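# Structural description and commentary
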Amino acid sequence: MTVKSNHVTIKGIRDGLVFLLDDQCEFEELLYELRYKLEHSHQNILTGPIVHVDIKLGAREVTEDQKEEILDTLKQKGNLLIRSFDSPALVQEVKGPPPIVTMCGMVRSGQVLHHEGNLLFLGDINPGGTVTCTGDIYVLGSLRGMAHAGISGDEEAIIAASVFAPTQLRIADVISRPPDEWESHETGMEFAYLQDNQMQIDKMSNIVRLRRDFNVFKGV
């Protein structure tokens, strides 16, 4: 016995039902048709004693959330017992901060480097040069120009550099002109961040206090 719609096919087998779900249509469209079919069609199949169900998605890859949406929809019919969920792979959703893109070179006076996301820049930002990012800025070199992190309003963004002597820093909408004594700081990477809407500077080794989602090496 086969009951078919555009995107959902229900096949009766000897010991249960197989739901064949189209792997080409949009996921929301598929879910809508699945819900509609369970509510309005073939009640003689989907009511009564416990029925084992196998779900086959063809070549469709789904996230954990999408898988749960399908299972929750089917579980609304109390007599359906999910036996298997056949999909080529579950798409792993990225958790935590976005990845860092690496660039190298030199930003000279009058030049502007803009990046969408987090940036690791290998080189120097000279006086008169500008780097802007929607995320964090990490300079493996000298920061002697202007840096603006979180330009879209991200107040949790940070700015870090091996040699920390910027002419101006900006994080989100907060602007800070560093004091002259920054030029004479001890050697060591530092970073700037916002606390109570004020620009703060700290040693890079203390960043874990701010970014607790970072993986920390603790040694043996």
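Up top is the structure.
A short tour of the structure in this document, coming up. These figures come from a predicted structure and were not determined experimentally. (Residues numbered from 1 in each chain as written. Predicted model: local features only at pLDDT ≥ 70, side-chain atom pairs only at ≥ 80, totals over all residues. Heavy atoms only, no water.)

## Some thoughts on the sheet that holds strand 18 (residues 198-203)
Taken in spatial order, the 6 strands line up as 8-10-12-14-17-18 in an open sheet, and their pairing is mixed. Pairing within the sheet leaves two strands with one partner each, and these edge strands are strand 8 (100-107) and strand 18. Across the sheet, the mean angle separating the axes of adjacent strands is 20° when strand polarity is ignored. As defined by bridge partners, strand 12 (residues 137-143) adjoins strand 14 (residues 159-164) across 5 bridges and the pair is classed as parallel. (Pairing = 2+ DSSP bridges. Helix = DSSP H or I, 4+ residues; strand = E, 2+ residues; numbered from the N terminus. Axes fitted to C-alpha atoms, helices over the stretch in contact; angles between N-to-C directions.)

## Here we look at the pattern of salt bridges
Per the stated rule, a full pass over the model turns up 3 salt bridges. Its salt-bridge partner being R83, residue D15 comes within 3.1 Å of it at the nearest N-O pair. You can see D15 sitting in the loop between strand 2 (8-13) and strand 3 (16-21) and its partner R83 sitting in strand 6 (residues 80-86), a full 68 residues away along the chain. Look at D15 and you get partly exposed, because its relative accessible area is 38%. The class of R83 is partly exposed, set by a relative accessible area of 35%. (Salt bridge = Lys/Arg side-chain N within 4 Å of Asp/Glu carboxyl O. Buried < 20%, exposed > 50% of the residue type's maximum accessible area, 1.4 Å probe, protein only.)

## Some points on unusual backbone geometry
Positive phi outside glycine occurs at A172, with the angle close to 55°. Mapped onto the secondary structure, A172 falls in the loop between strand 15 (168-171) and strand 16 (174-176). The backbone of N197 sits at a positive phi, close to 65°, despite the residue not being glycine. Relative to the assigned elements, N197 resides in the loop between strand 17 (190-195) and strand 18.

## Some details on a negative patch on the surface
Together, E64, D65, E68 and D72 make up a negatively charged patch on the protein surface. Structurally, E68 is set in helix 3 (residues 64-75). (Patch = residues over 30% accessible without salt bridge, like charges linked within 9 Å, V, L, I, M, F, W, Y side chains within 5 Å. Areas by Shrake-Rupley, 256 points an atom, 1.4 Å probe, with all protein chains shown as cover. Lys, Arg positive; Asp, Glu negative; His and termini not counted. Charge placed at Lys NZ, Arg CZ, Asp CG, Glu CD.)

## Quick word on the sheet that holds strand 16
Backbone-to-backbone hydrogen bonds pair the strands of a sheet. The strands run either parallel or antiparallel. As summarised here, the arrangement of the 5 strands in space is 9-11-13-15-16, forming an open sheet in which the pairing is mixed. Every other strand in the sheet has two partners, leaving strand 9 (112-115) and strand 16 as the edge strands with one partner each. Shown here is a sheet whose adjacent strand axes are inclined to one another by a mean of 10°, direction ignored.

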